[in-house]
Amino acid sequence: MLTLLEQIDKGTLWRIPGGIHPPEHKTLSNQSKISRLPLADHYLIPVPGVGENCTLAVKVGDTVTKGQPLTLGEGFRHLPVHAPVSGRVVAIEERASNHASALPVLTCVLENDHQERWIESVHTPLSLEQVAEMDNDAIIRRIQLAGIAGLGGAAFPTHIKLKPVSEIELLIINGVECEPYITSDDKLMQESCDEIVRGIEIVHQLLSPKRIIVAIEDNKPEAIEQMSHALNRSQLPSHCARVSKIPTLYPSGGEKQLIQILTGQEVPSGAIPANLGILVQNVGTAYSIAQAVYRNMPLIERVVTLSGQNIAKPGNYWVPIGTPVEHLLEVGQFRGDANAPVIIGGPMMGYMLPNVAAPITKGTNCVLMPSEQEVAPPSPEQPCIRCGECAQACPAQLLPQQLFWHAKAQEYDKAASYNLRDCIECGCCSYVCPSDIPLVEYYRVAKSALRQEAEEKKQAELAKQRFDSRTLRLEQEKLAREEKAKQAAERRKAQMTGSDKDAVAAAMARIQAKKAAEAQASAGAATEKPQDKVAAAIARAKAKKAAQKAETITEAETSELPASKLTGADNSESTAVSQKEKVAAAIARAKAKKAAQDTADTAEASQAPAQQGAETAPLSQKEKVAAAIARAKAKKAAQADSNEQQAATVERSEETAKPSESQSASTDNAEATDKADAAAAKKAKIAAAVAKAKAKKAQQAGSGEEPKAGAATDAELDPAAQVQAEAIDNAEVNSPEAIKKAKIAAAVAKAKAKKAQQAGSGDEPKAEVTTDAEPAKAATLQAEAIDDAEPNNPEAIKKAKIAAAVAKAKAKKAAQASASNEQLAPSESETDIEDFADTEDVADTSSPEAIKKAKIAAAVAKAKAKKLAKAQEETPNNEHKD
C-alpha cells in the first residue's frame, strides 16, 4: 500500500462532500495587469490592539514616514501596523470599522504629504546567500516586525503560524481562489511568481517540510504555468515541490477542504492542521514574507480586486492598507446610487459594507460592486420547508437546519453541541436554500454570542485566579509581619533590664485600668434610669427653695432699711447664693411639695366620711369645723403645689437660658420675697386652726352638752367655719397695707376679748338688740383711724394672726354661751352667728356690751378680710400684665 507522500507524488486527489458551482465572473477583473490607483489624501489605520498587547508609538501632530511603525509591543502575539504613506498624524480617534456592523474602532488618521519618504530600515534586496545564512529566529523576527498576517482572509499572524509546536511534513501554498469575482491571487501568481517562490523557500528554510504543494484551481491555466516555471527555477529540491491542479469547486479553497482534497485527511473538530503535520499559507502571504525578509519591507499594501458591473474600471490594484473604500469608489468610477450594495469579499463569503468611509485592511482581497442583474435584492425570508438541500451542500458535513433552529431561538449552547464552531461560513447553505433564509447570518450571530460568553468566562476565571493569588499573598505577608514582630519582641525582651521590665509592667497596668474605667463609665451611662433624672430635678428644686429661704431671712433682717437700699441688698445677696444653698433649697422645695400632696390626700380622706355623714345624718359642730379646716388645707396645698411647679419651671428656664447677672438677681429677689410671705401666711393659718380647735373644745366643755341641731347650732356654725377658713386662706401678706390692717384688727379683737373676760359676771344679761350697721360703721372708722399704725414686719404679722385666732376662739365661745342662756329666736340666732362667723369671733363675755364690742371687732376683721381679698384679686392681674 502506498504511503501518503507517495500518493501525493502521483498526484492523487480526493473528493470532498458538498460544494457548489456558482457563476465565476472572473473575467471582469483578470483581463488587465495589476496597477496602482492615485493615492488618497487621508488614510485610516485601525489600531485595535492598543491597550491590550501594544501601545501607540505616535501622537497627534507627529510626522511619519512610509513604513514607520505606529504601534509598539513586546509580546510574541503582537502584530504591529505601519504608516502606508508619509505624512502627519492629524487624529487618533474612533472611526467606523471594516465590518458588517461598522462598529467604531480606534483609528490613527494620517494626512498624506504625497512625498513618499520611506523609512530608512527598508533596504535593497538581499542575496540568496545572505538569506540562507540568517537563522530562524532572525527570519521570524523580521516577519513579525513587518506585521505580516494571513492575506487569504483570516488575517492570522504569520510569525505565530511559522513556529508550530509540532513537526511539519507537508506545506500547502493555497492558490485556489475559488470565490467568484476574485482574481487577486491569480494575477499575483501570473506577475510575481518568482517572489512567491522566494517566500516558499524561506518557509522551507524555517520548517523543512518533506513535501511542498502549490494548489491551483484548473480554471487558472496561466497561473499554473507560471508557478511551474518558477518552481523549476528555484533552489528547492526537484522532488520536494510540485504544482497540483485541482478541479473547480466551491469551496475547495477552504483550508480544511483543501487538505482533504490533497491528502484525504480530515482535520478533527477543534483541531488545527498543524496537529496533522500540515501547514497552509496563501500565495499573497508568501509574497509578503519574501518582501519582509529580503528588503525588510513591512506589509503596507496588498492586491485588491475591484469588480462588478457598477464600477467603470474593474481590475486588480495595489492598494495601501488604510485606504478609505470611498476613495476606491471614486477613482474606480463607481456607477451605483447611494443604495447600491458594496460588498467586502466575494458574493459567497463577503458582507455588505454599511459605511463606505471604512478603510481597507490586511484581510480585504476584494471590493465588489454588483448591479441588480448580478446580485438580486434580498428576498423576504420564508419558513423552512425541510428540504435538506443545505445539508447536502455543506462541505463541513454539518446539519444547517438544526443549527438554524437553535440559533434563531438563541439556544446557543445547543447550537454549539451541533458543532457550530466547525462552520466555515462558506454560504453554500444560503445559496441553495429555496426559502431564501440567510443561514450564514444566523450562524455568525450565534458564533459571536458564544465567543462573548467564552470571553466572559475566561475573564471571570482570571479574576478568580487573581483574587486567590492576592489572598494568598496577603496571608503570607501577614504571617511574615507577625513573625517579624515576634522576633523583634523577643530581641527587645532579651535586651531589657529589670527597671525596663517594671516600667513596661506599669504601663500595661495603666492601660488595663484605663480600659476598665472606660468600660465602667460606658456601663454606667447605659444603665442610667429616668428615676435618676427625676431625683436630680428634685435636688435642684430643693436647692432653689433653700436659696429663696436664705434670701427671705436676709430680707427680714434688712426690713428697717429704705426701699432703695433694701432692693440693692436683696439683689446682692441673691447673687451670692452658693451652689450648696441652691441644692438645699431644691431639697426643701421637694419636701414641701410632698407635704402638700400628703395634706391633700388627708383632706380628701376627711371629706369622704363627712360627705357620707351628711347624706345619712346631720353633722355635728366639730365635724363641720373639721371639714372646713380640711377644705382650707386642701386649697392651700393646691396653691402650694402650683407655686412649686411654677418655681421648678422658672428654675429650668434659668438653667437653659442663662440670663444676664442683673436679671437673675432681680428675679431671685422677687421669688424669695413671695416665698417668705407664703410661709408666714401658712404659719398664721396653722395657728388660727389650732386656736379654733381649742375654742371649740372650750365651748363644748362650758355648755356641758352637745350642741343641738336647732337654732344657731351646727347648721349655722358650719357656714361660719367655712367663712373663717376662706378668710384665712385668702389672707394676703404681700401688701404692706393689708398686713398693717390685719395687725390692727387682731390687736383690737385681742384687747376687747381680754376686757370682756375680766369684766365677766355670773348673771346672764339679755342680748342687746343692735344692728350690723352700727358695729360695721364703728369698725370701719376704727380701721381708717389706725390704718397706718405698724410697718411691714413679718414677725409682727405672725403674732397678729395668732392673737386674732385666739380672739376669734374666745368670741366664738362667748357667743355660744350667750345663745344657750338667752334662748334667742331662730332668726336672731342665725343672724348673730352669721355676723359672728363673718367677724371671725372677736368677744368672749356674756354681757350685751361685751357681745356688742366683739361684734364690732368681728366687723373690723371682716372688712379687713374683704380688703385683703380684693388686693389679692388685683395682684395676680398686675403680675399677669407684667
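This text goes with the structure placed above it.
Just so we're clear, the structure is a prediction, and the values are computed from it rather than from any experiment. (Residues numbered from 1 in each chain as written. Predicted model: local features only at pLDDT ≥ 70, side-chain atom pairs only at ≥ 80, totals over all residues. Heavy atoms only, no water.)

### What about the sheet that holds strand β15 (residues 351-352)?
Piece 1. Strands sit in the order β1-β13-β12-β16-β14-β15 across an open sheet of six strands; the sheet is mixed. Bordering the open sheet on either side are β1 (35-36) and β15, each of which pairs with just one other strand.
Piece 2. Bridge count for strand β14 (residues 343-344) against strand β16 (residues 366-368) is two bridges, and the pairing is antiparallel. The partner of I343 across the bridge, within β16, is L368. (Pairing = 2+ DSSP bridges. Helix = DSSP H or I, 4+ residues; strand = E, 2+ residues; numbered from the N terminus.)

### Side note on helix α8 (residues 255-263)
Piece 1. Among the nine residues of α8, seven are classified as buried, and the element is accordingly described as predominantly covered.
Piece 2. Of all the residues in α8, the buried ones are Q257, L258, I259, Q260, I261, L262 and T263.
Piece 3. In the core, the buried residues of α8 are packed alongside α1 (4-9), β8 (170-175), β9 (211-217), β10 (241-246) and β11 (278-282).
Piece 4. In the segment just after α8, G264 is the residue with positive phi, at about 80 degrees. (Buried < 20%, exposed > 50% of the residue type's maximum accessible area, 1.4 Å probe, protein only. Contact = heavy atoms within 4.5 Å.)

### Focus: the pattern of salt bridges
Piece 1. This model, assessed by the stated rule, comprises 19 salt bridges.
Piece 2. With a closest N to O distance of 3.3 Å, K220 and E217 form a salt bridge. Judged on exposure class, the residue K220 and its partner E217 are both buried.
Piece 3. D468 is the partner of K464 in a salt bridge, and the nearest nitrogen-oxygen pair spans 3.2 Å. Note that K464 and D468 are positioned in helix α15 (residues 439-495) at a spacing of four residues, about one turn of the helix.
Piece 4. Here K464 falls in the partly exposed class, since its relative accessible area comes to 49%.
Piece 5. With a relative accessible area of 37%, D468 lands in the partly exposed category.
Piece 6. A cluster of three or more residues bridged by salt bridges with shared partners is formed by E425, E441, R444 and K447. (Salt bridge = Lys/Arg side-chain N within 4 Å of Asp/Glu carboxyl O.)

### Quick look at the state of the cysteines
Piece 1. A full pass over the atoms with the stated rule returns zero disulfides.
Piece 2. Unpaired in terms of disulfides, C384 finds its nearest cysteine sulfur in C433, a separation of 6.5 Å. (Disulfide = S-S within 2.5 Å.)

### Comments concerning the packing of aromatic side chains
Piece 1. Applying the stated criterion across every chain yields a total of two aromatic pairs.
Piece 2. Measuring from ring centre to ring centre gives 5.6 Å for Y287 and W318, while their planes differ by 35 degrees; the resulting arrangement is tilted. In this pair, Y287 sits in helix α9 (residues 283-295) while W318 sits in strand β13 (residues 315-320), placing the two residues 31 residues apart along the sequence.
Piece 3. Overall, the relative accessible area of 16% leaves Y287 in the buried class.
Piece 4. Judged by its relative accessible area of 14%, W318 is buried.
Piece 5. Both rings, one in F404 and one in Y442, keep their centres 5.0 Å apart while their planes meet at 80 degrees; by these two values the pair is edge-to-face. One end of the pair, F404, is in helix α12 (residues 400-408); the other, Y442, is in helix α15, with 38 residues separating them in the sequence. (Phe/Tyr/Trp six-rings, centres within 6.5 Å; stacked < 30°, edge-to-face > 60°.)

### Topic: the nonpolar core
Most often, soluble globular proteins have nonpolar side chains that are buried together.
Piece 1. With 48 residues, the main nonpolar core has I196, I200 and M227 as its most contacted residues.
Piece 2. Secondary structure elements with two or more residues in this core: α3 (136-145), β8, α5 (184-191), α6 (193-207), β9, α7 (221-233), β10 and α9.
Piece 3. Ignoring sequence-local partners within four residues, the contact set of I196 consists of L188, M189, M227, V283, A286 and Y287.
Piece 4. The next biggest cluster of nonpolar side chains, apart from the first, holds 23 residues, and it includes L258, I261, V280 and A393. (Core = buried A, V, L, I, M, F, W, Y, C linked by side-chain atoms within 4.5 Å.)

### Let's talk about the pairing of β9
Strand residues, when the strand is regular, have side chains that alternate between the two faces of the sheet.
Piece 1. Across the seven residues of β9, seven count as buried, placing the element largely inside the fold.
Piece 2. Burial of the side chains of β9 extends over both faces: R211, I213, A215 and E217 are buried on one face and I212, V214 and I216 on the other.
Piece 3. Across six bridges, β8 lies against β9 in parallel orientation. Within β9, the residue paired with I173 across the bridge is V214.
Piece 4. Strand direction decides the pairing type here: β9 and β10, joined by six bridges, are parallel. Opposite I213, over in β10, you have R242 as the bridge partner.
Piece 5. Handedness of the β9-α7-β10 crossover: right-handed. (Right-handed = clockwise from strand over helix to strand, strands pointing away.)

### Examining the side chain of S252
Piece 1. With respect to the helices, strands and loops of the structure, S252 is situated in the loop between β10 and α8.
Piece 2. Assessed through its relative accessible area of 0%, S252 is described here as buried.
Piece 3. In terms of polar contacts, S252 uses its side chain to reach the backbone carbonyl oxygen of L249, at 2.6 Å.
Piece 4. With near-sequence residues (within four places) excluded, S252 lies in contact with I16, V176, C178, E217, I246, P247, Q257, L258 and I261. (Polar contact = N/O pair within 3.5 Å; in protein donor to acceptor, adjacent residues only side chain to side chain.)

### Quick notes on the side chain of T285
Piece 1. With respect to the helices and strands, the residue T285 is situated in helix α9.
Piece 2. Leaving out residues up to four positions away in the same chain, T285 has contacts with I148, A149, G150, L151 and T158.

### A look at a nonpolar patch on the surface
Piece 1. There is a patch of nonpolar side chains on the surface, built from V504, M508 and I511 and spanning about 260 Å² of accessible area.
Piece 2. Checked against the element boundaries, M508 lands in helix α16 (residues 498-526). (Patch = residues over 30% accessible without salt bridge, like charges linked within 9 Å, V, L, I, M, F, W, Y side chains within 5 Å. Areas by Shrake-Rupley, 256 points an atom, 1.4 Å probe, with all protein chains shown as cover.)

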